[in-house]
Amino acid sequence: MEDAWLTRKTLLMRAVEKNDEHAWDDFVNYYHEFIFMVLTKLGKKGAECEDLAQETLISIWEKLPELKYNKEKAKFRTWLSRVIKNKVIDDYRKLKTQTKLKQGYSEEQEKKLNSSDIDHMIEQEWEVHLIKLALNNISSQFSENSLKTFEYAMQGLSDYEIAEK
């Protein structure tokens, strides 16, 4: 069965070239918000979240050309999820070592990172990310009212609630 949420393979092939700045800019524009959303869901906030997003992108930039992502073993999204998860785990370990419980580190957060629910959450965030990208691409073709109606429907509101709003 074909994956309905495929990663843009042409973008990946172009991003492998370290000298192709335009491809890398496209890659960052396409994935930064997704990475940021996942980091936020994993408990990172503000500048810490932005720093980890940048570190994650740098790690990807370094690993892609060296073929540390193997498309035969997993989907790119699966590999990307592991890179994000590993960055957060490394960050928590660093926090744990440096400050123990002083700066918001908790055993609960570490357990959350090692749970199998994280993969499901990342998959959901990927779908949300793609929906946002698609909406940005087509929003100029619809009225503001139509877009609001769709947004309310995506929030799970009933037809009656949408009509009331």
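Residues numbered from 1 in each chain as written. Predicted model: local features only at pLDDT ≥ 70, side-chain atom pairs only at ≥ 80, totals over all residues. Heavy atoms only, no water.

## Comments concerning the packing of aromatic side chains
- Taken as a whole, this structure holds six aromatic pairs when the rule is applied.
- Between Phe27 and Tyr31 the ring centres are 4.6 Å apart and the planes differ by 40 degrees, which places this aromatic pair in the tilted class. Linking Phe27 with Tyr31, this pair stays in helix H2 (residues 21-41), spanning four residues, or about one helical turn. The residues Phe27 and Tyr31 share a single accessibility class, namely buried.
- Between the aromatic rings of Tyr30 and Tyr31, the centroid separation amounts to 4.8 Å while the plane-to-plane angle is 80 degrees, which identifies the pairing as edge-to-face. Comparing Tyr30 with Tyr31, the two get one shared label, buried.
- The lysine or arginine in question, Lys44, covers the ring of Tyr92, its NZ or CZ lying 3.8 Å from the ring centre. (Phe/Tyr/Trp six-rings, centres within 6.5 Å; stacked < 30°, edge-to-face > 60°. Helix = DSSP H or I, 4+ residues; strand = E, 2+ residues; numbered from the N terminus. Buried < 20%, exposed > 50% of the residue type's maximum accessible area, 1.4 Å probe, protein only. Lys NZ or Arg CZ within 6 Å of the ring centre and 35° of its normal.)

## Re the packing of H2 against helix H6 (residues 117-138)
- Axis separation between H2 and H6 bottoms out at 10 Å; the angle between their running directions is 140 degrees. Considering the angle they form, H2 stands oblique to H6. Classified by chirality, the crossing of H6 by H2 is right-handed. For the pair H2 and H6, contact is made by Tyr30, Tyr31, Glu33, Phe34, Met37, Val38 and Lys41 and by Met121, Ile122, Glu125, Trp126, Val128, His129, Leu130, Lys132 and Leu133, respectively.
- Taken together, the residues of the contact of H2 with H6 sort by class into 11 nonpolar, one polar and four charged. (Axes fitted to C-alpha atoms, helices over the stretch in contact; angles between N-to-C directions. Parallel < 35°, antiparallel > 145°, perpendicular 65-115°, else oblique. Left-handed = near helix turned anticlockwise from the far one by under 90°. Contact = heavy atoms within 4.5 Å. Nonpolar A, V, L, I, M, F, W, Y, C, P; charged D, E, K, R; others polar.)

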